[in-house]
Amino acid sequence: MVRTGVYPGSFDPVTLGHMDIIRRAAHLVDRLVIGVTTNASKSPMFTLDERLDMVRREVDGIVDGVDGAATEIHVVAFDSLLMHFAEREGASIIIRGLRAVADFEYEYQMAGMNQQLNDDIETVFLMADVALQPIASRLVKEIALYGGEISRFVTPSVADQVRARVERIGRTVEG
Ligand code: ADP
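The structure presented is a predicted model; accordingly, all values stated were derived computationally and were not measured.

Enquirer: How should helix α1 (residues 16-26) be read in this particular structure?
Expert: Every α-helix winds through 3.6 residues per turn, so residues three or four apart in the chain are directed the same way. The buried fraction of α1 is high, at eight of 11 residues. For α1, the complete set of buried residues consists of Gly17, His18, Met19, Asp20, Ile21, Ile22, Ala25 and Ala26. Those residues of α1 hidden inside the fold are in contact with β1 (4-9), β2 (31-37), α2 (48-59), β4 (93-98), β5 (122-127) and α5 (137-145). One side-chain oxygen of the residue at the start of α1 lies 3.1 Å from the amide nitrogen of Gly17, identifying that residue as Thr15.

Quick look at the structure:
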């Protein structure tokens, strides 16, 4: 039986923290579906299509799977209840990353409610490498907006895209 996991997030932009979770998740499942949320409420820096392209480019080449077998990785958009998305994908697990205590309360509550929606799909929490744990997309954007160095937190190609976007935002604000 093919074991499928879904890993949902906004990925605005995808960071080295996300990539570490993706690599770890790929070890656990045969098929990993990365669900990129449309997330209109968060007014993202990148459009859904840009985020999909970015994540697709970054995961290209990840093959680590269970017992060395290649994991199929799909990157898809979703705009529904997470549990409905997981059911539609035939997933048996939902992957979430845990950073700090601050993440815990929200994640705990969400996992508990998802369990009541469908008790057959388990939420699995993974911790990123210690050095990558503090990384958050929101802070990457904030640092970039103030001209700080983001190359330790995202890949070079994502860093270029963030810088280009910040430059464009800057020009728009100036007139
Ligand atoms: P969301 O909008 O769902 O918080 P994010 O793109 O911010 O989406 O994060 C997606 C998932 O990745 C969440 O489970 C989040 O906790 C996890 N995550 C993000 N950054 C890290 C990190 N540095 N270490 C571990 N998990 C992370």
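Enquirer: What's the story with the site of the ligand in this structure? I'm lost.
Expert: Near the ligand you find 19 residues, and of these Tyr7, Ser10, Lys42, Gly97 and Ile135 are the closest. Here a nitrogen atom of the ligand and a side-chain polar atom of Arg99 are 3.3 Å apart. One of the backbone N or O atoms of Ile135 is found 2.9 Å from a nitrogen atom in the ligand. Contact with the protein chains hides 90% of the accessible area of the ligand, taken as 550 Å² for the molecule alone. According to the grid-proximity analysis, the pocket containing the ligand is the largest pocket. Those elements that place two or more of their residues in the shell around the ligand are β1, α1, β4 and α4 (101-117). Looking at the shell around the ligand, its residues break down into eight nonpolar, six polar and five charged.

Enquirer: Honestly, the nonpolar core in this entry has me stumped. Any pointers?
Expert: Soluble globular proteins tend to bury their nonpolar side chains together. In this structure, Ile22, Leu32, Ile34, Val55, Val59, Ile95 and Val162 are the most contacted members of the largest nonpolar core, which totals 35 residues. Among the secondary structure elements, those contributing two or more residues to this core are α1, β2, α2, β3 (72-78), β4, α5 and α6 (156-174). In terms of residues, this core owes the most to one element, α1, which gives five residues. Formed by 10 residues, the second largest nonpolar core is a distinct cluster that contains Phe78, Met83, Phe85 and Ala86.

Enquirer: Please clarify how the pattern of salt bridges should be interpreted in this entry.
Expert: When charged atoms on two side chains of opposite charge get close, those side chains can pair. Scanning the model with the defined rule gives 10 salt bridges in all. One salt bridge connects Lys141 with Asp12, and the closest N-O pair in it is separated by 2.7 Å. Taken together, the positions of Lys141 in helix α5 and Asp12 in the loop between β1 and α1 put the pair 129 residues apart, joining distant regions of the chain. Of the residues examined, Asp12 reaches a relative accessible area of 4% and is grouped as buried. Close ionic contact of Arg24 with Asp20 constitutes a salt bridge, the shortest N to O distance being 2.7 Å. Remark: Asp20 and Arg24 occur in helix α1; sequence separation between them is four residues, near one turn of the helix.

Enquirer: When you look at the pairing of β4 in this model, what are you seeing that I'm missing?
Expert: Residues in a regular strand project their side chains so that they alternate between the two faces of the sheet. The buried fraction of β4 amounts to five of the six residues, a majority that puts the element mostly inside the structure. Sheet analysis places β1 next to β4, joined by two bridges and oriented parallel. Bridge pairing in β4 links Gly5 to Ile93. Pairing analysis gives six bridges linking β4 to β5, with the strands arranged parallel. Bridge assignment links Gly97 to a residue of β5, and that residue is Leu126. Handedness of the crossover joining β4 and β5 through α4: right-handed.

Enquirer: What is the right way to read the sheet that holds β4 from this model?
Expert: Backbone-to-backbone hydrogen bonds pair the strands of a sheet. The strands run either parallel or antiparallel. As summarised here, the arrangement of the five strands in space is β3-β2-β1-β4-β5, forming an open sheet in which the pairing is parallel. Strands at the two margins of the open sheet, each flanked by one partner only, are β3 and β5. Shown here is a sheet whose adjacent strand axes are inclined to one another by a mean of 30°, direction ignored. Bridge count between β1 and β2: six bridges; the pairing is parallel. Paired with Pro8 across the strands is Gly35, a residue of β2. Where α1 meets the sheet, its contacts fall on β1, β2, β4 and β5, and the angle it forms with β5 comes to roughly 125°. Each of β4 and β5 touches α4; the most contacted strand, β4, lies at about 170° to it.

Criteria and thresholds
Residues numbered from 1 in each chain as written. Predicted model: local features only at pLDDT ≥ 70, side-chain atom pairs only at ≥ 80, totals over all residues. Heavy atoms only, no water. Buried < 20%, exposed > 50% of the residue type's maximum accessible area, 1.4 Å probe, protein only. Helix = DSSP H or I, 4+ residues; strand = E, 2+ residues; numbered from the N terminus. Contact = heavy atoms within 4.5 Å. Polar contact = N/O pair within 3.5 Å; in protein donor to acceptor, adjacent residues only side chain to side chain. Near = heavy atom within 4 Å. Areas by Shrake-Rupley, 256 points an atom, 1.4 Å probe, with all protein chains shown as cover. 1 Å grid on protein atoms, 1.4 Å probe; cavity = no way out; pocket = protein on both sides within 12 Å on 5 of 7 lines; lining within 4 Å. Sits in = over half its atoms within 2 Å of the grid points. Nonpolar A, V, L, I, M, F, W, Y, C, P; charged D, E, K, R; others polar. Core = buried A, V, L, I, M, F, W, Y, C linked by side-chain atoms within 4.5 Å. Salt bridge = Lys/Arg side-chain N within 4 Å of Asp/Glu carboxyl O. Pairing = 2+ DSSP bridges. Right-handed = clockwise from strand over helix to strand, strands pointing away. Axes fitted to C-alpha atoms, helices over the stretch in contact; angles between N-to-C directions.

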